[in-house]
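Residue-level listing of the chains:
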Amino acid sequence: MSTAARAPTAEALLAARGARATRTRLRALGVLLAAREALTHHEIERRVGRGQDVDRVTLYRVLEWLVEQELAHKLAGEDRVWRYSAADHGGRAHAGAHAHFECSDCGRVVCLDDTAVPSVALPRGFRRREVEVTVKGSCDDCVR
Ligand SMILES: [Zn+2]
Ligand SMILES: [Zn+2]
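Here's what I pulled together on the structure shown here.

### Some points on the coordination of the zinc ion (ligand 2)
Inference 1: The protein atoms donating to the zinc ion (ligand 2) are H73 (NE2), H98 (NE2), H100 (NE2) and C111 (SG), with metal-donor distances spanning 1.9 to 2.1 Å.
Inference 2: Because the angles between the four donor atoms bound to the zinc ion (ligand 2) fall within 98 to 116 degrees, the donor set is best described as tetrahedral.
Inference 3: Sequence positions of the donors to the zinc ion (ligand 2) reduce to the motif H-x24-H-x1-H-x10-C. Residue H100 is located in strand β6 (residues 98-103), and its partner C111 is located in strand β7 (residues 109-116); the two are separated by 11 residues in the primary sequence. Of the two residues, H100 and C111, both sit in the buried class.

### Brief notes about a nonpolar patch on the surface
Inference 1: Taken together, the side chains of V120, L122 and F126 present a nonpolar region at the surface, about 280 Å² in accessible area.
Inference 2: Structurally, the position occupied by L122 is in the loop between β7 and β8 (134-137).
Inference 3: L122 sits in the partly exposed class, given a relative accessible area of 37%.

So, how was this worked out
Residues numbered from 1 in each chain as written. Chains lettered and ligands numbered in written order. Predicted model: local features only at pLDDT ≥ 70, side-chain atom pairs only at ≥ 80, totals over all residues. Heavy atoms only, no water. Donors = N, O, S within 2.8 Å, 3.2 Å for Na, K, Ca; no water. Tetrahedral: all angles 85-135°; square planar, octahedral: opposite > 155°, others 65-115°. Helix = DSSP H or I, 4+ residues; strand = E, 2+ residues; numbered from the N terminus. Buried < 20%, exposed > 50% of the residue type's maximum accessible area, 1.4 Å probe, protein only. Patch = residues over 30% accessible without salt bridge, like charges linked within 9 Å, V, L, I, M, F, W, Y side chains within 5 Å. Areas by Shrake-Rupley, 256 points an atom, 1.4 Å probe, with all protein chains shown as cover. Salt bridge = Lys/Arg side-chain N within 4 Å of Asp/Glu carboxyl O.

Structure, rendered in structure tokens:
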């Protein structure tokens, strides 16, 4: 992607938070930043690993930590598998929640960064936990 060159590196993002740049943090965040779509734990593990052993539990903790730090967000697809995405696409900070696209054919989940989740008025006394807007359909690969 053309915006990739301007995107902050995993090192820079961790440094900006004063967080320790462990190898797994750097590599997991690097994988998410480079991805065009949201990735499952398994996909991240494969990409982080590249021939080296990655401890599953460590990676899981790192992914949860990235979510806590708001460096990544996670969402569950129709298959109820969590997928992770960098919270910063193309160097632009995610301002608030955005919509997602989920391919019903291949399960691919893509962040629709330009589409903000609308604010929804709730009845008095109701409290929101989260709002998810997901467009379902067929991705470009599957349409082809
Ligand atoms: Zn698809
Ligand atoms: Zn997203």
